[in-house]
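# Examining the three-dimensional arrangement
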Amino acid sequence: ETATQNCDSLNVAFTANPGNTKQCTAIIGNFESYHIQRWMKVDTVKSTSVRDELPMAMVSRGYASRGKANFYGPPSDGRFSPVRRHWNALRTFLQNVDSVLEDLKPILERVAVNNAVVILTCNHGQSALLMNF
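In short, a report on the structure.

Criteria and cut-off values
- Residues numbered from 1 in each chain as written.
- Predicted model: local features only at pLDDT ≥ 70, side-chain atom pairs only at ≥ 80, totals over all residues.
- Heavy atoms only, no water.
- Buried < 20%, exposed > 50% of the residue type's maximum accessible area, 1.4 Å probe, protein only.
- Helix = DSSP H or I, 4+ residues; strand = E, 2+ residues; numbered from the N terminus.
- Salt bridge = Lys/Arg side-chain N within 4 Å of Asp/Glu carboxyl O.
- Polar contact = N/O pair within 3.5 Å; in protein donor to acceptor, adjacent residues only side chain to side chain.
- Patch = residues over 30% accessible without salt bridge, like charges linked within 9 Å, V, L, I, M, F, W, Y side chains within 5 Å.
- Areas by Shrake-Rupley, 256 points an atom, 1.4 Å probe, with all protein chains shown as cover.
- Contact = heavy atoms within 4.5 Å.

Quick look at unusual backbone geometry now. Unlike most non-glycine residues, Ser47 shows phi in positive territory, near 50 degrees. Exposure remark for Ser47: the relative accessible area of 33% places this residue in the partly exposed category. Located in the positive-phi region is Asn114, a residue other than glycine, with phi close to 55 degrees. Following the sequence through the fold, Asn114 ends up in the loop between helix H1 (82-111) and helix H2 (127-130).

What follows is the structure, encoded as structure tokens:
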């Protein structure tokens, strides 16, 4: 409580030191953002491990000090692969987008105010939350 008695708000950044590297943290005044950039002395093109002689390069959150990504894309092989399921959904969209736009055009022209329409979109994973509103 004593540490925060003069604070009206508190920002906390959680971090770890994977690979036990020499880690630094920089806090730079700017517009408020909760995005954290990660930089390492690696060659991201060659996927090298951390090397002191290399300049800092911006890396993804999953880039490990050994030079490999900790996050991998889903497997694209097999009949039930997540990639194939999403490709099929994308194919359905692409095959129907022109006719859907044709159907929507007269509706949007009727409801537009100053040639503008506000549309709410939601990804499938968040659709259950949307039902609360």
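When the charged atoms of two side chains with opposite charge come close together, those side chains can pair. As enumerated under the stated definition, the model contains 1 salt bridge in all. Across the pair Lys22 and Asp52 runs a salt bridge whose closest N-O atoms are separated by 3.4 Å. Of this pair, Lys22 sits in the segment before strand S1 (38-40) while Asp52 sits in the loop between S1 and strand S2 (57-59), and the two are 30 residues apart along the sequence.

Relative to the elements of secondary structure, Thr48 occurs in the loop between S1 and S2. On the basis of relative accessibility, which here comes to 7%, the residue Thr48 falls in the buried class. Polar side-chain contacts of Thr48 include one of 2.8 Å to the backbone nitrogen of Asp43.

A grouping of Val100, Leu101, Leu104, Ile107, Leu108, Val111, Val117 and Ile119 is seen on the molecular surface, where their side chains present a nonpolar patch of about 650 Å² in accessible area. Residue placement: Ile119 occurs in the loop between H1 and H2.

What follows concerns the environment of Ser49. By secondary structure assignment, the location of Ser49 is in the loop between S1 and S2. Classification of Ser49 as partly exposed rests on a relative accessible area of 30%. Considered as a pair, Ser49 and Leu104 are 55 residues apart in the sequence and their alpha carbons are 52 Å apart. Once residues within four sequence positions are removed from consideration, Ser49 is found in contact with Lys41, Val42, Leu54, Ser65, Arg66 and Gly67.

Turning next to the environment of Leu54. If you trace the backbone, Leu54 turns up in the loop between S1 and S2. Between the alpha carbons of Leu54 and Lys41 there is a distance of 5.1 Å; along the sequence they are 13 residues apart. When sequence neighbours within four positions are dropped, the list of residues in contact with Leu54 reads Lys41, Val42, Asp43, Thr48 and Ser49.

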